[in-house]
Amino acid sequence: MQSFLRDAAQFLPLLLQGLKFTVLVTLGSLALSTVLGLVWALMRVSGVAPLVLVAKLVVNTLRGIPILVQLFYIYFVFPEFGLALSALQAAILGLGIAYSAYQAENFRAGIEAIDHGQVEAAESIGMGWFLMMRRVILPQAIKVVLPPYGNIMIMMLKDSSQASTITVAELTLQGSLLASSTFKNMTVYTLVALLYLSMSLPLIAFVGWLERRFGKGARR
Amino acid sequence: MIELSGVTKSFGSHQVLKGITGSVQRGEVVCLIGPSGSGKSTILRCINGLESYDGGSITVDGAKVDRADRSIVGIRTAMAMVFQRFNLFPHRTALENVVEGPIHVKKEPAAEALARGRDLLARVGLADKFEAYPAQLSGGQMQRVAIARALAMQPKAILFDEPTSALDPELVGEVLGVMKSLAEEGMTMLVVTHEMGFAREVADRVLFLDGGVIVEEGAAREVLSAPRNPRTQDFLRRVLKPI
């Protein structure tokens, strides 16, 4: 135990450097996937045939290709088209785009769960489509969407480790570099696992808080 | 004010409206009665563009109702609608429900809209429920909020789609009472209803609809007390004496 603590104190600074990139990748791709996912979902429920078609095509393509392959594509293939990104940029872009498909499906399910009477009530007081979405549908859909959104957040935090494959020195890559140079596999990977948990458990609590916060007054 | 001329509408192969012609004059209260599935609600929904119609024409103050045209917004704000299942916004308080349209659609100053919203809620007997959410209200209270929400748009007419059908019997009276006082103040109303007592007492005219056509129409007392058409006679007998 003592040697574990001694090693831990020695490894922790390096792992915390990796942690910084894990947080950056997660937050960046979370923001991007949320915005993009909302765009796909709104296109999908717009009722405008070409928009619906494009949204379906994009979402199914993204869902049909492994995230790892999408990351490789952006990092290694895009430069051939003149778009060279840093590893961090490519990771945020790749994970953000890949996850936007899952976000979109979640948002669409939330929007479609709202009673059609709400649409009629909004239309009957003269609301246009965007106003109705903003004032009536989305505020109610949030409640439906939050629990799965929380799951997606946690999955993204863990999937940010895939950025290690395109050389982003995040927690998992730092860990495996340390482990292979010191052979202290147990110490290193225990620390790595604990560090992931120290981020995901507060995240789970935060999602629970969000559900309580947005659930207020929205009971039916 | 509302003119329908030869309006037809089909859902798939089923023709719901088979040429409806009729009108509602300013200040008039017209009740639409008839068996379920006869197309009563569909007429209301076509008038404020919640449904499209296939043939004929509907005009409101001379403007053609076209669901796909921008002008529909103006028509909808002039023709408020009250729904069978209230359709209040569950994430907003009673007062917020009432002022939603005035503030966000008509862009009225918030203070003005809120003041009028409170007056309207007080008028439908809900002065103590401004901050209540729909889930905290009874059916009758929710429908009265919905009527206040309709009034807040300062409409030229209100369309009521079976406003008491989803209510427990003991709550029907409070909603009909509010509607009666509106009628007495001269509000133009088109009401789909099964409340024959209300139709007899409040309506100027009654239209009896069956199978997508207007079978009989006339002054409320005449149609309801001495119907001429056998289908109207049969319907009224079944409604007034169910057993």
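Described below are features of the structure shown in this document. (Residues numbered from 1 in each chain as written. Chains lettered and ligands numbered in written order. Predicted model: local features only at pLDDT ≥ 70, side-chain atom pairs only at ≥ 80, totals over all residues. Heavy atoms only, no water.)

Looking now at the overall build of chain A. Counting its secondary structure elements, chain A contains eight helices and zero strands. Each helix and strand of chain A, ordered N terminal to C terminal, gives the series α-α-α-α-α-α-α-α. Principal-axis analysis of the C-alpha atoms places the extent of chain A at approximately 70 × 45 × 20 Å. The proportion of buried residues among the 220 residues of chain A is 46%. When contacts within chain A are restricted to residue pairs at least 6 apart in sequence, those whose partners lie at least 24 apart make up 78%. Taken as a whole, chain A presents about 11100 Å² of accessible surface, with 70% of it coming from carbon and sulfur. Side chains of chain A carry 16 positive and 10 negative charges; the gap between the two charge centres is 8 Å. (Helix = DSSP H or I, 4+ residues; strand = E, 2+ residues; numbered from the N terminus. Buried < 20%, exposed > 50% of the residue type's maximum accessible area, 1.4 Å probe, protein only. Contact = heavy atoms within 4.5 Å. Areas by Shrake-Rupley, 256 points an atom, 1.4 Å probe, with all protein chains shown as cover. Lys, Arg positive; Asp, Glu negative; His and termini not counted. Charge placed at Lys NZ, Arg CZ, Asp CG, Glu CD.)

Moving on: helix H4 (residues 110-123) of chain B. All names here are of chain B. Its 14 residues give H4 an end-to-end C-alpha distance of 20 Å, which sits within 8% of 20 Å, the value for a rise of 1.5 Å per residue. Inspection of H4 places Ala 113, Arg 116, Gly 117, Leu 120 and Leu 121 among the buried residues, and these make up the whole buried set. Down the axis, H4 shows its buried residues gathered within 140° of arc, on one side only. Within H4, the exposed residues directed more than 90 degrees away from the buried face are Ala 111 and Asp 119. Where the residues of H4 are buried, they touch helix H3 (94-104) and helix H5 (139-152). (Expected span 1.5 Å × (residues − 1). Arc of directions from axis to C-beta.)

Of all hydrophobic cores here, the largest spans 55 residues; its most connected members are Leu 121, Ile 147, Ile 158, Phe 160, Met 179, Met 189 and Val 206 of chain B. Val 7, Val 30, Ile 72 and Ala 157 of chain B belong to the second largest nonpolar core, which has 48 residues in total. (Core = buried A, V, L, I, M, F, W, Y, C linked by side-chain atoms within 4.5 Å.)

So, about the state of the cysteines. Residue and element names in this part refer to chain B. This structure, assessed with the given rule, holds zero disulfides over all chains. Cysteine Cys 31 remains unbridged, with the sulfur of Cys 46 as its closest cysteine sulfur at 19 Å. Take Cys 46: its relative accessible area is 1%, and that puts it in the buried class. (Disulfide = S-S within 2.5 Å.)

What follows is about the interface of chain B and chain A. In this assembly, 26 residues from chain B lie in contact with 20 residues from chain A. In total, chain B and chain A occlude about 2000 Å² of area from one another, counting both sides; carbon and sulfur atoms represent 55% of this. Along the contact surface separating chain B from chain A lie five salt bridges. Here Glu 100 of chain B and Arg 135 of chain A are joined by a salt bridge, their closest N and O atoms 2.7 Å apart. Linking chain B with chain A are seven residue pairs in polar contact (both at pLDDT 80 or more), by the criterion used here. (Buried area = accessible area lost by both parts, 1.4 Å probe. Salt bridge = Lys/Arg side-chain N within 4 Å of Asp/Glu carboxyl O. Polar contact = N/O pair within 3.5 Å; in protein donor to acceptor, adjacent residues only side chain to side chain.)

Residue and element names in this part refer to chain B. Taken in spatial order, the four strands of this open sheet run E2-E1-E4-E5, and their pairing is antiparallel. Both outer strands of the open sheet, strand E2 (14-24) and strand E5 (63-64), are each paired with one neighbouring strand and no more. Pairing analysis gives five bridges linking strand E1 (residues 2-11) to strand E4 (residues 55-60), with the strands arranged antiparallel. Bridging from a neighbouring strand, Glu 3 pairs with Thr 59 of E4. (Pairing = 2+ DSSP bridges.)

The subject of this paragraph is the packing of helix H1 (residues 2-44) of chain A against helix H2 (residues 49-64) of chain A. Residues and elements named next belong to chain A. In the contact formed by H1 and H2, the axes pass within 7 Å of each other and the chain directions differ by 135°. As judged from the angle between their axes, H1 and H2 are oblique. Like other packed secondary-structure pairs, H1 and H2 cross with a definite hand, here left-handed. Across the interface between the two elements, Trp 40, Met 43 and Arg 44 of H1 pack against Leu 51, Val 52, Val 54, Ala 55, Lys 56, Val 58, Val 59 and Leu 62 of H2. (Axes fitted to C-alpha atoms, helices over the stretch in contact; angles between N-to-C directions. Parallel < 35°, antiparallel > 145°, perpendicular 65-115°, else oblique. Left-handed = near helix turned anticlockwise from the far one by under 90°.)

Read these as layout, nothing more, since geometry by itself doesn't imply function.
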